[in-house]
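So the chains spell out like this:
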Amino acid sequence: MRLAVLASSISIFGLLSWVSGCGSSDASDDVSQVDAGVDSGKKKGSSSGEWTGDDDDDSTPGKKDAGTKPSGGLTSTALKAGDAQLIGVTTGSSPMVVYLAVQNQALSLEAIAPTGGTPTVIATDLTGEEDIGVNGGAVWWYTGVNEAGLGTVNFWTKASGAKTAVATGSIDGYFWASEDGTRVAFSVNGAAKTTRVAVTSSAAPSATAVLTDNYALDFPTNECLPDVGFVGTTLFAAFCSVQTAGSPNSTAARIVAVDASGTVKRLDATGNANNTIALSLDRSLWHANKTGTKLFVIGSGASAEGRIIDVATAPAAASTVVLESGVTDGFLLDDGSAVYTTGTVIKRGNGSGAAKTLTTAAVKAFLSRSAGGDRLLFRSLDPAGEYGLHDLRTIDTSTDNQAATDLVPTASVSLEALLNGGSHVLYRWNLAEDPSSEALLGKLEAKPIGGGTAVQLATGSLGGLPVAGSTGVVNAASIKDDGDGNFVLVLEHVDAVSATARAISDDVIPNAWDFIGKTFIYTRAGATPGIYVVQLP
């Protein structure tokens with residue numbers, strides 16, 4: 001998991017008032033995350049959570065077709081009964097479910113295996129002012145955060161347990177961990193426009209800065225935010241390296257790697273030479289292959305070169321392959337080749353011989369791709385309307401000179417996800433805001449990636465989450481008021497091929513959920529609150 005800016009965290013202040021029913025912006029932000037990370041505009045509560053059965057006007061917010069009424073609901077099991085809220089799930093070979101529990105008016109941070117058992121208590125007697133998150137194979141929590149956003153970093157891994165008060169003066173949320181949890185990185189000596197970074201073992205952490213001086217992460221402007229993450233046990237960081245806005249190194253980024261031994265190496269240039277990587281708030285600054293041996297980047301300046309960097313030999317001149325100029329987007333495949341666009345053509349190349357032209361269809365932006373990168377989804381039109389709706393076009397990434405498949409030819413849908421490794425695309429359309437709750441609801445549909453007939457899965461949907469390795473979708477079917485001014489969701493599992501729906505729960509706290517494969521973990525409110533797990537088809 002990658003953290004370019006503060007993300008995947010939850011403030012535990014007001015744990016049991018997860019969504020205000022009084023029109024707060026926090027409620028809108030929470031529910032907007034329902035749609036698998038694709039922002040479709042404002043979303044907050046909904047109308048009734050009751051199933052309405054047959055209705056001739058299927059565009060009415062909150063209505064469901066009779067054909068999608070859940071039957072034979074799925075059985076959930078409580079991992080933690082009582083007042084609790086899911087924080088997230090760690091990665092690695094033995095993932096753990098992390099949550100906050102409320103007992104006797106005190107908060108404790110705990111972890112439990114997805115199969116159940118005795119929970120591990122990570123931290124007790126929390127005050128409600130902490131900031132907590134999961135990144136990779138670690139759980140982090142910040143205490144004593146001041147108005148400047150600096151606090152004390154603490155973290156926990158399954159293998160090494162809790163490490164408390166590891167560093168003070170750390171920028172809240174600037175914490176990264178490898179997937180296996182053996183390596184962590186975090187801000188040290190943070191300030192308004194800069195931070196040093198410690199990169200260390202999680203078993204015996206050191207707060208000594210590894211990224212410092214010319215390799216400190218600087219952010220002189222809002223456009224200059226660091227893009228940091230682990231691939232394996234190597235940390236990659238792209239960042240500005242000067243605190244003075246307007247200087248050359250505040251308008252471009254440099255990229256470095258820190259390997260498992262703690263050795264720092266600049267990848268894009270030698271030493272403290274000027275930064276060479278283009279900044280962007282719309283895309284990642286770097287893409288790695290699965291093993292982290294190669295990176296794709298776009299060069300700064302008018303040339304905007306698409307480049308592939310060989311990590312082992314960088315920064316030697318021969319380590320960087322220039323694909324071509326005028327590149328606007330791209331990513332790296334596991335075979336070391338890049339798929340990229342100049343806006344008027346999509347190509348695939350590795351710098352050895354001429355690049356392969358995949359299509360000459362106009363490209364405004366890449367939208368998504370399958371896990372293996374063999375299928376690409378993009379748009380050719382500008383976003384339309386209040387909700388920034390898209391057209392959807394697709395190609396495979398191996399065939400020469402192909403015509404793009406127009407899945408949705410007009411800018412009229414909100415993309416949710418690709419399903420089943422790219423076999424289907426999931427989207428919503430006919431969006432409308434319910435005036436009473438300000439919820440943005442729409443028709444949820446799935447369409448085969450090669451084109452064909454769309455299958456309507458639901459109406460009045462707040463969005464869908466893809467179930468790994470299947471054509472299944474967790475659909476946020478509706479929202480209801482729990483009677484105390486809080487909104488809870490009605491969730492169901494829907495198959496994108498058959499449109500068969502099966503109920504999951506009707507008292508789910510928005511966005512307090514996660515997946516481990518086909519295991520869905522969520523937070524339930526209502527009469528039987530707790531952390532629940534359900535196996536999806």
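Residues numbered from 1 in each chain as written. Predicted model: local features only at pLDDT ≥ 70, side-chain atom pairs only at ≥ 80, totals over all residues. Heavy atoms only, no water.

1. A word on the overall build of the protein chain
And then number 1: Helix and strand content of the protein chain: 1 helix and 39 strands.
And then number 2: Expressed as a percentage of the 537 residues in the protein chain, the buried residues total 53%.
And then number 3: Counting only contacts in the protein chain whose residues sit at least 6 apart along the sequence, the fraction spanning at least 24 positions is 46%.
And then number 4: When the accessible surface of the protein chain is totalled, it reaches about 20,700 Å², and 48% of it is carbon and sulfur. (Helix = DSSP H or I, 4+ residues; strand = E, 2+ residues; numbered from the N terminus. Buried < 20%, exposed > 50% of the residue type's maximum accessible area, 1.4 Å probe, protein only. Contact = heavy atoms within 4.5 Å. Areas by Shrake-Rupley, 256 points an atom, 1.4 Å probe, with all protein chains shown as cover.)

2. A short note on the packing of aromatic side chains
And then number 1: Using the criterion set out here, one finds 11 aromatic pairs in the structure.
And then number 2: A ring pair is formed by tyrosine 174 and tryptophan 176, whose centres lie 5.7 Å apart and whose planes are at 75°; its orientation type is edge-to-face. Tryptophan 176 matches tyrosine 174 in its accessibility class, with the two residues each being buried.
And then number 3: Taken together, the ring pairs connect Trp513, Phe515, Phe520, Tyr522 and Tyr532 into an aromatic cluster.
And then number 4: Above the face of the phenylalanine 331 ring, arginine 369 is positioned so that its terminal group lies 4.2 Å from the ring centre. (Phe/Tyr/Trp six-rings, centres within 6.5 Å; stacked < 30°, edge-to-face > 60°. Lys NZ or Arg CZ within 6 Å of the ring centre and 35° of its normal.)

3. Thoughts on the pattern of salt bridges
Pairing between side chains of opposite charge can happen when the charged atoms of each approach one another.
And then number 1: Per the stated rule, a full pass over the model turns up 13 salt bridges.
And then number 2: As a salt-bridge pair, lysine 290 and aspartate 334 come within 3.7 Å of each other at their nearest N and O atoms. Here lysine 290 is found in the loop between strand E19 (287–288) and strand E20 (294–298), whereas its partner aspartate 334 is found in the loop between strand E23 (329–332) and strand E24 (338–341), with 44 residues between them in sequence.
And then number 3: Residue lysine 290 is classed as exposed on the basis of its relative accessible area of 67%.
And then number 4: Because the salt bridges share partners, they merge into one network encompassing Lys480, Asp506 and Asp507. (Salt bridge = Lys/Arg side-chain N within 4 Å of Asp/Glu carboxyl O.)

4. Observations concerning the confidence of the model for the protein chain
And then number 1: Mean pLDDT over the protein chain: 87, with 86% of residues reaching 70 or higher.
And then number 2: Segment residues 1–69: pLDDT under 50, and 209 contacts once partners within four positions in sequence are set aside and those in other chains are kept. (pLDDT = per-residue confidence, 0-100.)

5. Considering the sheet that holds strand E5 (residues 106–112)
And then number 1: On the basis of which strands lie adjacent, the open sheet formed by 4 strands has the order E3-E4-E5-E6 and antiparallel pairing. Because the sheet does not close on itself, it has two edges, and the strands there are strand E3 (84–89) and strand E6 (120–126). If you compare each strand with its neighbour and ignore which way they point, the axes differ by 20° on average.
And then number 2: Where strand E4 (residues 97–103) and E5 come together, 7 bridges link them in antiparallel fashion. Looking across to E5, one finds that leucine 100 is bridged to leucine 109. (Pairing = 2+ DSSP bridges. Axes fitted to C-alpha atoms, helices over the stretch in contact; angles between N-to-C directions.)

6. Topic: the pairing of strand E16 (residues 234–239)
And then number 1: With respect to burial, E16 is a largely interior element, 6 of its 6 residues being buried.
And then number 2: With burial as the criterion, each face of E16 is covered, one bearing Thr234, Phe236 and Ala238 and the other bearing Leu235, Ala237 and Phe239.
And then number 3: With 5 bridges connecting them, strand E15 (residues 227–231) and E16 associate as antiparallel partners. When the bridges of E16 are listed, aspartate 227 appears paired with alanine 238.

7. Remarks on the nonpolar core
And then number 1: Ranked by size, the top nonpolar core spans 20 residues in total, and within it Leu491, Ile504 and Phe520 carry the most contacts.
And then number 2: Not counting chain neighbours up to four residues away, the residues in contact with phenylalanine 520 comprise Val474, Leu491, Ile504, Trp513, Asp514, Phe515, Tyr532, Val533, Val534 and Leu536. (Core = buried A, V, L, I, M, F, W, Y, C linked by side-chain atoms within 4.5 Å.)

8. Thoughts on empty space enclosed by the protein
And then number 1: This model, assessed by the stated rule, comprises 2 cavities of 30 Å³ or more.
And then number 2: By volume, the second largest cavity is sized at about 40 Å³.
And then number 3: What lines the second largest cavity is Arg283, Ser284, Leu285, Trp286, His287, Phe296, Val297, Ile298, Asp329 and Gly330.
And then number 4: Where the lining of the second largest cavity is concerned, the elements lending two or more residues are E20 and E23.
And then number 5: Residue contributions to the lining of the second largest cavity peak at 3 residues, all from E20.
And then number 6: Classifying every residue of the lining of the second largest cavity by side-chain character gives 5 nonpolar, 3 polar and 2 charged. (1 Å grid on protein atoms, 1.4 Å probe; cavity = no way out; pocket = protein on both sides within 12 Å on 5 of 7 lines; lining within 4 Å. Points joined across faces, edges and corners; volume = space filled by probe spheres on them. Nonpolar A, V, L, I, M, F, W, Y, C, P; charged D, E, K, R; others polar.)

9. Some words on unusual backbone geometry
Negative phi values dominate among residues other than glycine, just as trans dominates among peptide bonds.
And then number 1: In this structure, proline 315 follows alanine 314 across a cis peptide bond, with omega equal to 5°.
And then number 2: Its location among the elements puts proline 315 in the loop between strand E21 (306–310) and strand E22 (320–324).
And then number 3: A positive phi angle, near 55°, is found at asparagine 189, a position not held by glycine.
And then number 4: Structurally, the position occupied by asparagine 189 is in the loop between strand E12 (183–188) and strand E13 (194–201).
And then number 5: Accessibility expressed as a relative area gives 49% for asparagine 189, which makes it partly exposed.
And then number 6: Phi at asparagine 401 is positive, roughly 45°, even though this residue is not glycine.
And then number 7: By the element assignment, asparagine 401 lies in the loop between strand E29 (390–396) and strand E30 (405–419).

10. Here's the deal with the sheet that holds strand E28 (residues 375–379)
And then number 1: Strands sit in the order E27-E28-E29-E30-E31-E32-E33 across an open sheet of 7 strands; the sheet is antiparallel. The open sheet has two edge strands with one neighbour each: strand E27 (365–369) and strand E33 (455–461). Neighbour-to-neighbour, the strand axes of this sheet turn through a mean angle of 40°, independent of strand direction.
And then number 2: Here 4 bridges tie strand E32 (residues 440–448) to E33, and the two strands are oriented antiparallel to one another. Each bridged residue has a counterpart across the sheet, and for glycine 442 the counterpart in E33 is serine 461.

11. Looking at the environment of alanine 355
And then number 1: Locating alanine 355 in the fold gives a position in the loop between strand E25 (346–349) and strand E26 (356–359).
And then number 2: Taking relative accessible area as the criterion, alanine 355 reaches 30% and is therefore assigned partly exposed.
And then number 3: Taking the C-alpha atoms as reference points, alanine 355 and valine 339, 16 residues apart in sequence, are found 9.5 Å from one another.

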